[in-house]
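# Descriptive analysis of the structure
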Amino acid sequence: MGRTKIIKKSIEPQSFIPDDTFDFHQLDNLSDYLVEKSLIQFIEDCYHKENEKVLIITGKGKFVNPLVGKLLSSINHVKTFKKAGYFNGGEGAYEVELK
């Protein structure tokens, strides 16, 4: 009789591991203009560095978070984006895939 080989595979959920991260908490006196300028500059820099995945930390507030979501949908280098998973900041961050 032959032996049956049992292979155990651990299936782990695919997690989003960013190549770079930008945290809006590091900026003071945020205005619409500063949020837009900072976000676009970060995305441009990451795109030129050929990063594929980036994390944008906005916090859960009612100013930066919705504005960033709106801006991400209009930036050409953004392929997809969604609210971050639990370990990446949840509702207070965005996971972004670049083209």
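The structure this text deals with has already been given above.
Each value, and the rule that gives it
- Residues numbered from 1 in each chain as written.
- Predicted model: local features only at pLDDT ≥ 70, side-chain atom pairs only at ≥ 80, totals over all residues.
- Heavy atoms only, no water.
- Helix = DSSP H or I, 4+ residues; strand = E, 2+ residues; numbered from the N terminus.
- Buried < 20%, exposed > 50% of the residue type's maximum accessible area, 1.4 Å probe, protein only.
- Contact = heavy atoms within 4.5 Å.
- Areas by Shrake-Rupley, 256 points an atom, 1.4 Å probe, with all protein chains shown as cover.
- Core = buried A, V, L, I, M, F, W, Y, C linked by side-chain atoms within 4.5 Å.
- Polar contact = N/O pair within 3.5 Å; in protein donor to acceptor, adjacent residues only side chain to side chain.
- Patch = residues over 30% accessible without salt bridge, like charges linked within 9 Å, V, L, I, M, F, W, Y side chains within 5 Å.
- Salt bridge = Lys/Arg side-chain N within 4 Å of Asp/Glu carboxyl O.
- Lys, Arg positive; Asp, Glu negative; His and termini not counted.
- Charge placed at Lys NZ, Arg CZ, Asp CG, Glu CD.
- Pairing = 2+ DSSP bridges.
- Axes fitted to C-alpha atoms, helices over the stretch in contact; angles between N-to-C directions.

### Considering the overall build of the chain
Broken down by element type, the chain carries two helices and four strands. Out of the 99 residues belonging to the chain, those deemed buried represent 34%. For the chain, contacts bridging at least 24 residues in sequence account for 61% of all contacts bridging at least 6. Entry remark: accessible area of the chain is about 7400 Å², with carbon and sulfur atoms responsible for 51%.

### Let's talk about the environment of Leu-71
By the secondary structure assignment, Leu-71 is in helix α2 (residues 64-72). You can call Leu-71 buried: its relative accessible area is 12%. Leu-71 sits 31 residues away from Ile-40 along the chain, and the two C-alpha atoms are 8.6 Å apart. With residues near it in sequence (within four places) discarded, Leu-71 still touches Val-35, Glu-36 and Leu-39.

### What to know about the nonpolar core
If you look at the biggest cluster of nonpolar residues, it comprises 19 residues, and the most contacted ones within it are Leu-39, Ile-43, Ile-56 and Val-68. Among the elements of the structure, α1 (32-48), β2 (53-57), α2 and β4 (93-98) are those that each provide at least two residues to this core. Beyond its immediate chain neighbours, meaning those up to four positions away, Ile-43 contacts Val-54, Ile-56, Leu-72, Ile-75, His-77, Val-78 and Leu-98.

### Concerning the side chain of Asn-65
Along the polypeptide, Asn-65 turns up in helix α2. Looking at Asn-65, the relative accessible area reads 6%, which means it is buried. Here the side chain of Asn-65 touches Thr-58 through a polar contact of 2.9 Å, side chain to side chain. A polar contact is formed between the side chain of Asn-65 and the side chain of Lys-83, at a distance of 2.5 Å.

### Brief notes about a negative patch on the surface
Among the surface-exposed residues, Asp-19, Glu-50, Glu-52 and Glu-97 lie close enough to one another that they form a single negatively charged patch. As for its placement among the helices and strands, Asp-19 is situated in the segment before β1 (20-23).

### Remarks on the sheet that holds β2
The mixed open sheet is built from four strands, whose spatial order is β1-β2-β4-β3. Single-partner strands in this sheet number two, and they are β1 and β3 (78-83). Sheet twist, expressed as the mean angle between neighbouring strand axes with direction ignored, is 20°. When β1 meets β2, the two strands line up parallel, connected through four bridges. Within β2, the residue paired with Thr-21 across the bridge is Leu-55. Along the sheet face, α1 touches β1, β2, β3 and β4 and points at about 160° away from the line of β2. Here α2 sits on the sheet and contacts β2, β3 and β4; the angle it forms with β4, its principal contact strand, is near 15°.

Interpretation note: all reported values are geometric properties and have no functional meaning in isolation.
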